[in-house]
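Listed below, chain by chain, are the residues.
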Amino acid sequence: MLEGRASHSEAVWRNLIEMGAAAAAIPEQYGGAGLGYLELCLVAEEAGRHLAAVPLSSSFYLAAEAILRAGSEAQKQRWLPKLASGEWLAAIAMTEPGAGSDMRGMRTKATREGGEGGGWRIKGSKHFISHADEADFVILVAVTGIDDAGRSQMSTFLVDLDAPGVALHDGYRNVSHRGYTNSIIDFDDVYVGPDALLGEEGKGFELAGEWLGSTRLQVAATCLGRAERALDLSIQHAATREQFGQPIGRFQGVGFKLADMATELRAAELMTLHAAWKYDQGTATDADIAMAKLKATEMLALVADEAIQIHGGMGLMDELPLERIWRDARIERIWDGTSEIQRHIVSRSLLRPLGA
Ligand SMILES: Cc1cc2nc3c(=O)[nH]c(=O)nc-3n(C[C@H](O)[C@H](O)[C@H](O)COP(=O)(O)OP(=O)(O)OC[C@H]3O[C@@H](n4cnc5c(N)ncnc54)[C@H](O)[C@@H]3O)c2cc1C
């Protein structure tokens, strides 16, 4: 809920909600526009170009995606229309100080109370939780058991942030995306009813694997928009800035940079939109999505860096948007699965069929 919050991103959220962006991928029967992921990526690409202050994925789309994929009809009726109207915002709480890339290392536990069909007690702590200070509820992943191989089994819960026992603390100051904050959330014996369980008990890891696909595509798409902006500015600058009596773009050292930036951007855009199209057809593999996220985030790092090089000293000054695009680009290779994790997913898809 945004009402009365002293959030610096409030005005941006409000505009997005009025434009219908909050509801874009939610089916019409729950108050949304019923768009697919390809269209959503086009929205995110455009949003990335203009307002990267508010990463769209977690609060708008990811929560809705998780509820759509795993929620009961009652849960869909309860949560989706309020997400679609922007009345409620959500955060996603998976990461812990001891468990980042390795989700199975998490320690936050949810314990059944009152036997089969009863509610749950949640105890633990999450960090790096984006938008939690603005959110009404979190989609929380917690350990609920151990499987036969001795690995943690996880489940997913919908938890109101004003539930007794939930404590929100300021997170860390981030070099990227300073237009919003991340938080630390402690859960001290928080009780949730049986209807808070999202999806099947013990299937939280698998569910997170599914929804991370959609958020990775959103990350990739916002990278495209920012890279387009950096490239446009660079082309403009290379065509008009004169040194040694001619536009700097005529020097091969500068012109070839533009060519590489444009080529990388085109490749990343095609890969992202193709993966999104496959996602809508239900044929996207984990590797399709991992390749798109890897390519788009690494492409943005290159394009942002070269854009600053082409602008010389002014590129680093905050008169231009480039230093921000460059700072913001750094997180994209870390969150929603680091570049190494994406490479791991891709290489596994190549080797597994051979039993390696
Ligand atoms: C600003 C910000 C906002 C975030 N928002 C959220 C949020 O809203 N909700 C949420 O749940 N999480 C959030 N995250 C967490 C984010 O997804 C994690 O930071 C990310 O998954 C990496 O985990 P980690 O930081 O613990 O790094 P680690 O997992 O400790 O990784 C450290 C390094 O080791 C490498 N590494 C780890 N395992 C392997 C492996 N198997 N093979 C090769 N290399 C490996 C990594 O690639 C990385 O380079 C956010 C993070 C940040 C920084």
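## Some remarks on the packing of helix α5 (residues 204-240) against helix α8 (residues 322-332)
Thought 1: The contact between α5 and α8 brings their axes to 11 Å, and the two run at 155°. What the angle tells us is that α5 and α8 run roughly antiparallel. When the axes of α5 and α8 are compared, the crossing they make is left-handed. Facing Val219, Cys223, Arg226, Arg229, Ala230 and Leu233 of α5, the residues of α8 in contact are Leu322, Ile325, Asp328, Ala329 and Glu332.
Thought 2: Along the lines of polarity and charge, the residues of the contact of α5 with α8 split into 7 nonpolar, no polar and 4 charged.

## Considering the site of the ligand
Thought 1: Around the ligand, the surrounding shell holds 18 residues, and the nearest of these are Thr95, Ser101, Phe128, Thr338 and Glu340.
Thought 2: Residue aspartate 336 places a main-chain N or O atom 3.5 Å away from an oxygen atom belonging to the ligand.
Thought 3: Residue threonine 338 places a side-chain N or O atom 2.6 Å away from an oxygen atom belonging to the ligand.
Thought 4: Protein contact buries 65% of the 970 Å² of open area that the ligand shows by itself.
Thought 5: The leading source of residues in the shell around the ligand is strand β3 (residues 119-130), at 3 residues.

## Observations regarding the domain arrangement of the protein
The extent of an interface is frequently quoted as the accessible surface area lost upon association of the parts.
Thought 1: The domains assigned to the protein are domain 1 (10-85), domain 2 (91-200) and domain 3 (206-354).
Thought 2: Each of domain 1 and domain 3 has a C-alpha centre, and the two are 23 Å apart.
Thought 3: Each side of the interface is counted separately: domain 1 has 22 residues, and domain 3 has 24 residues.
Thought 4: Across the interface of domain 1 and domain 3, roughly 2100 Å² is buried in total on both sides, 62% from carbon and sulfur atoms.
Thought 5: It is Tyr37, Glu45 and Arg49 in domain 1 that bury the most area against domain 3; as a group they hold 31% of the surface buried on that side.
Thought 6: Here domain 1 and domain 3 share 3 salt bridges between them.
Thought 7: As a salt-bridge pair, glutamate 228 and arginine 49 come within 3.2 Å of each other at their nearest N and O atoms.

## Regarding the pattern of salt bridges
Thought 1: Under the counting rule described, the total for this entry stands at 18 salt bridges.
Thought 2: Between arginine 121 and glutamate 113 there is a salt bridge, and its shortest N-O distance comes to 2.7 Å.
Thought 3: The class for arginine 121 is partly exposed, based on a relative accessible area of 30%.
Thought 4: The exposure class of glutamate 113 is partly exposed, given its relative accessible area of 33%.
Thought 5: Connected through shared salt-bridge partners, Glu46, Arg49, Glu228 and Asp232 make up one network.

## What to know about the packing of aromatic side chains
Thought 1: All chains considered together, the criterion is met by 7 aromatic pairs.
Thought 2: Their ring planes at 65° and their centres at 4.9 Å tell us that tyrosine 37 and tyrosine 279 sit as a pair that is edge-to-face. One end of the pair, tyrosine 37, is in helix α2 (residues 37-50); the other, tyrosine 279, is in helix α6 (residues 252-281), and 242 residues separate them in sequence.
Thought 3: Their ring planes at 70° and their centres at 6.3 Å tell us that tryptophan 88 and phenylalanine 137 sit as a pair that is edge-to-face. Of this pair, tryptophan 88 sits in the loop between α4 (73-85) and β1 (90-93) while phenylalanine 137 sits in strand β4 (residues 137-146), placing them 49 residues apart in sequence. Each member of the pair, tryptophan 88 together with phenylalanine 137, is buried.
Thought 4: By way of ring pairs, the aromatic residues Trp79, Trp88 and Phe137 are connected into one cluster.
Thought 5: For the cation-ring pair, lysine 82 lies above tryptophan 88, with the distance from its terminal atom to the ring centre recorded as 4.9 Å.

## Concerning helix α9 (residues 339-351)
Thought 1: The end-to-end C-alpha distance of α9, which contains 13 residues, comes to 18 Å, matching closely the 18 Å that a straight helix rising 1.5 Å per residue would cover.
Thought 2: Buried residues in α9 make contact with α5 and α7 (286-311).

## What to know about the side chain of threonine 272
Thought 1: In this structure, threonine 272 sits in helix α6.
Thought 2: By relative accessible area, threonine 272 is classed as buried at 0%.

## Comments concerning the packing of α6 against α7
Thought 1: Orientation of α6 relative to α7, taken along the N-to-C sense of each, is 155°, at an axis distance of 9 Å. Judged on the interaxial angle alone, α7 and α6 are roughly antiparallel. With respect to the hand of their crossing, α6 and α7 are arranged in left-handed fashion.

Reading the values: the criteria
Residues numbered from 1 in each chain as written. Predicted model: local features only at pLDDT ≥ 70, side-chain atom pairs only at ≥ 80, totals over all residues. Heavy atoms only, no water. Axes fitted to C-alpha atoms, helices over the stretch in contact; angles between N-to-C directions. Helix = DSSP H or I, 4+ residues; strand = E, 2+ residues; numbered from the N terminus. Parallel < 35°, antiparallel > 145°, perpendicular 65-115°, else oblique. Left-handed = near helix turned anticlockwise from the far one by under 90°. Contact = heavy atoms within 4.5 Å. Nonpolar A, V, L, I, M, F, W, Y, C, P; charged D, E, K, R; others polar. Near = heavy atom within 4 Å. Polar contact = N/O pair within 3.5 Å; in protein donor to acceptor, adjacent residues only side chain to side chain. Areas by Shrake-Rupley, 256 points an atom, 1.4 Å probe, with all protein chains shown as cover. Domains from an automatic or database assignment. Buried area = accessible area lost by both parts, 1.4 Å probe. Salt bridge = Lys/Arg side-chain N within 4 Å of Asp/Glu carboxyl O. Buried < 20%, exposed > 50% of the residue type's maximum accessible area, 1.4 Å probe, protein only. Phe/Tyr/Trp six-rings, centres within 6.5 Å; stacked < 30°, edge-to-face > 60°. Lys NZ or Arg CZ within 6 Å of the ring centre and 35° of its normal. Expected span 1.5 Å × (residues − 1).

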